[in-house]
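Summary of structural features
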Amino acid sequence: MKKTLLCFFSLLLSFPLVQAQQPQKPSSNDIYDALQKLNFLGTVLYVAAHPDDENTRLISYMSNHEKARTGYLALTRGDGGQNLIGPELRELLGVIRTQELLAARRIDGGEQLFTRANDFGYSKNPDETLKIWNKDAVLSDVVLAIRKFKPDVIINRFDHRTPGTTHGHHTSSAMLSFEAFDLANDKTAYPNQLDQTGLWQPKRLFFNTGWWMYGSQENFEKVDKSNMLSLDIGVYYPTKGLSNNEIASLASSQHLCQGFGRLSQRGAQEEYIEFLKGVPLQNNNDVFAGINTTWTRVNNGAAIGDILRKVETHFNFTNPSVHVPELLKAFKLIQKIDDAHWRNLKSQEIKNIITMCAGLYLEASAATNWATPGESVEVSLEVLNRSAQNIILESFKFNNSESEPKHLELSNNKRFSIEATLQIDKDQKPSSPYWLNEKGSLGMYKVDNTSYIGLPETPRAYQVDFNLIIDNVPVTISKDVVYRFSKPDKGELYRPFEIIPEASAKLTEQVIIFDTKKQQDIPVVVKSGRDNLEGFVTIDHPEGWSVFPEKQKVSIKNKGEEQTLVFTVIPPESEDEGIISPVVHVGEKHYSKALLEIDYEHIPFQTVLLPSDSKVVRLNIKKRGEKIAYIQGAGDVVPESLRQIGYNVRILAPEEITPETLELFDALVVGIRAYNTVDGLKFKQQLLFDFVNNGGNMVVQYNNSYRLNVDQLAPYEIHLSRNRVTDENAEVTFLDPDNPVLNYPNKISESDFEGWTQERGLYFPDTWGNEFTPVLSMNDIGESPKNGSLLVAKYGKGYYVYTGLSFFREFPAGVSGAYRLFANMLSLGKDDMKSNKELKQ
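Basis of the calculations
Residues numbered from 1 in each chain as written. Predicted model: local features only at pLDDT ≥ 70, side-chain atom pairs only at ≥ 80, totals over all residues. Heavy atoms only, no water. Helix = DSSP H or I, 4+ residues; strand = E, 2+ residues; numbered from the N terminus. Rg over C-alpha atoms; globule rule 2.2 N^0.38 Å. Buried < 20%, exposed > 50% of the residue type's maximum accessible area, 1.4 Å probe, protein only. Contact = heavy atoms within 4.5 Å. Polar contact = N/O pair within 3.5 Å; in protein donor to acceptor, adjacent residues only side chain to side chain. Axes fitted to C-alpha atoms, helices over the stretch in contact; angles between N-to-C directions. Parallel < 35°, antiparallel > 145°, perpendicular 65-115°, else oblique. Left-handed = near helix turned anticlockwise from the far one by under 90°. Nonpolar A, V, L, I, M, F, W, Y, C, P; charged D, E, K, R; others polar. Pairing = 2+ DSSP bridges. Patch = residues over 30% accessible without salt bridge, like charges linked within 9 Å, V, L, I, M, F, W, Y side chains within 5 Å. Areas by Shrake-Rupley, 256 points an atom, 1.4 Å probe, with all protein chains shown as cover. Salt bridge = Lys/Arg side-chain N within 4 Å of Asp/Glu carboxyl O.

Some thoughts on the overall build of the protein
Looking only at helices and strands, one finds 18 helices and 42 strands in the protein. Its C-alpha atoms give the protein a radius of gyration of 30 Å, near enough to 28 Å, the size a compact globule of 841 residues would have. Dimensions of the protein, computed from the C-alpha atoms along their principal axes, are close to 90 × 75 × 55 Å. A burial count over the protein gives 57% of its 841 residues as buried. Sequence-distant contacts in the protein: of pairs separated by 6 or more residues, those separated by 24 or more amount to 75%.

Describing the side chain of Gln36
Residue placement: Gln36 occurs in helix H1 (residues 28-38). The exposure class of Gln36 is buried, given its relative accessible area of 19%. Engagement of the side chain of Gln36 in a polar contact is seen with the side chain of Lys67, the distance being 3.1 Å. Beyond its immediate stretch of four places on either side in the chain, Gln36 contacts Lys67 and Glu312.

Things to note about the packing of H1 against helix H11 (residues 340-357)
Following both chains from N to C, one finds H1 and H11 inclined at 155°, their axes separated by 10 Å at the closest point. The pairing of H1 with H11 is recorded here as roughly antiparallel in orientation. Relative to H11, the crossing made by H1 is left-handed. Residues Ile31, Ala34, Leu35, Lys37 and Leu38 of H1 touch H11, and the partners they reach there are Lys346, Glu349, Ile350, Ile353, Met356 and Cys357. Looking at the contact of H1 with H11 residue by residue, the classes come out as eight nonpolar, no polar and three charged.

Details of the pairing of strand E26 (residues 562-570)
Across eight bridges, strand E22 (residues 520-528) lies against E26 in antiparallel orientation. Residue pairing in the sheet places Val525 in a bridge with Thr564 of E26. Of the strand pairs in this sheet, strand E24 (residues 546-548) and E26 are connected by three bridges, and their pairing is antiparallel. Counted as the bridge partner of Val547 is Val569 from E26.

Re a nonpolar patch on the surface
A cluster of nonpolar side chains, contributed by Trp211, Trp212 and Met213, occupies part of the molecular surface with about 300 Å² of accessible area. Among the residues examined, Met213 registers a relative accessible area of 31% and is labelled partly exposed.

Side note on the sheet that holds E26
Reading across the sheet, the four strands line up as E20-E22-E26-E24 and stay open at both edges, with antiparallel pairing between neighbours. Strand pairing shows two members of the sheet lacking a second neighbour, strand E20 (503-507) and E24, which therefore form its edges. Neighbour-to-neighbour, the strand axes of the sheet open up by a mean angle of 30°, direction not taken into account. The sheet contact formed by E20 and E22 spans five bridges and is antiparallel. Paired with Ala505 across the two strands is Val526, which belongs to E22.

So, the packing of helix H3 (residues 90-108) against helix H8 (residues 244-252)
Contact geometry for H3 and H8: axes closest at 8 Å, N-to-C directions at 165°. With respect to H8, the axis of H3 lies roughly antiparallel. Judged by the twist between their axes, the crossing of H3 over H8 is right-handed. Together, Ala104, Ile107 and Asp108 of H3 and Ile247, Leu250 and Ala251 of H8 make up the contact between the two elements. Broken down by class, the residue content of the contact of H3 with H8 amounts to five nonpolar, no polar and one charged.

Given below as structure tokens:
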């Protein structure tokens, strides 16, 4: 799923994100900024619910202006969102959004944390959210994050006092943070955590408020702000050549799958935080007022501060290496700090600064981007000292091996290349997002390794320790093993070094629909993680279904190659559904997971192992018309799903929309959010209406009223709202039981709305012209009926249909009723089986 995403600002070149996995190559300004942060011993934790909830303006301000260690605790990874850049949904979308958060933090200077909460979709109140999430488990994760990160200040993105006014996940994040503020210092709360961390009491808790909380800027100006701090988050950073709000815009623009690419901002801009509890505010505008953030915060820290302040005051931008001797003195003193938290943090920071000042380049590049357990891999070590400092590479070691002595004197700017062999452990687990290794619940990930809880990603399996002697001081620098390569059209590229299983298998379709009792050939793609793979493949299948042959031999000569085997699946005669799973047998081992790749230029390359399951559905479905035009919007699999039930689907680009082209089709489907994302549609709308007028059917899936690209969405009056029904099991009432869309060619009943996933639908119209007939009514508990999920209007000889029902989620889940209802929408007015072209004649 290779995607090309063009860089939109030349400013991005100053950040490590054009190729997101490239190593940092710092300038003197970067070193100076790091030195300033080294001299600040204060910490801020920002708390919200999802990727893209975070206020990057405030995170950047705390990190780059205050120089505080700043973290963002996102309770979820955003699995339940939509995807504007590709087809990935649910678990794979969560992986993308995790990496987009990390890309944002690389820009704004923050760090990223998570809980085990799963984004199960939109929730209208915290009661529902906390029930599905398992409140106690998520609360324990928030407490653990506070105890480990040890923030002096916590800032909530949302207000814990206003349940029901926003997304239930949003309010829940604030409620849990408010409760955890005190629990983190309570030894009776989650005492099992105290084996890996200690108690901690943050000093202040804030809510990141603003005029939007009060309805208007005018109302906000009248509010008593004596309990608030006001921060100018438009401050300019000369060493970066950017304003804080410019950095924030670049950071938030990493959330590309959510459509957050935006213009940068500059100039003074006020941000407000409201004090909630903790140490009372003082009469200044300092979030850290009364909190010691100097080196005197730790025992024996004064001497360290004296050394480092002098380095900062007299920093040599032309030749930073002159500071290495003083930095080494501070480094040795830091090792004597009693407080393990600050000792570990500041040791890593100062080692990075020493490395940068000396111009040390250390890299461990594997000959391949992946390996399998038990394999030997050649690794090239590059060692380069670009300073006059006396540096010796005493030895190096992989994290699973003994040290190899070298005693290389690293003279100025002389490159050393060392070839080494990495032996992968035989029992090494594959590289895959740790939260997806085991099947979780609707609201929670299952994480067996408790040391991983809170981490943004799985730690890399293999590192190299470069054991150096710098001016007679032993310093060990660790580097992950990576894969460095080049492409003629891209230049130098990096990928993470991954461990994969020796065999994996995937089915080409998530859902396979059998709309008749006719058998289908199902391809199984087997990928080899090593040379000379020999084994056989079987397919687990539900009772009543048959698979032939029972097993097939697999033989792959080269690592990385694939072999496709075709099995014949015979469905039962009556309606049924189940799961089929290919299994690769190699010796005594069985492999039943698919190796999936995610490749976008703004995030590192990802490999993900997920169960290789596909849903098979024996479905009695009728349809009228065959040829469907599809205009793609944001990523979805609706075209593939329609092909599954026998439609001939052609994807149309806006420039292909002409009267001559449209008359070839019986119906036209507009993809989700197409009117938000496809600019060219605004010039084609009348042609589409003419297509309907001439006898075609036009089905428009949900759009967002924000940034709508057309003035007239439908041939008649229609107004989109934020109405949605989040309960996928909400009762559905037929407002017009005799409407053809519920009766022809498939009789739709209540059972067709069983088994839906995540939600009924979203962004329903709330008002419409009399020409539209509302067909369905539904609502979440305690709310008024929502009648705009499916609107049908006759227009000329054809039909215009607007639907906010979440077909894009139901089709990949193999929901039979969703297929039957969609077929009816496409079949409106086609009872005589004539094509649009015949109707026109």
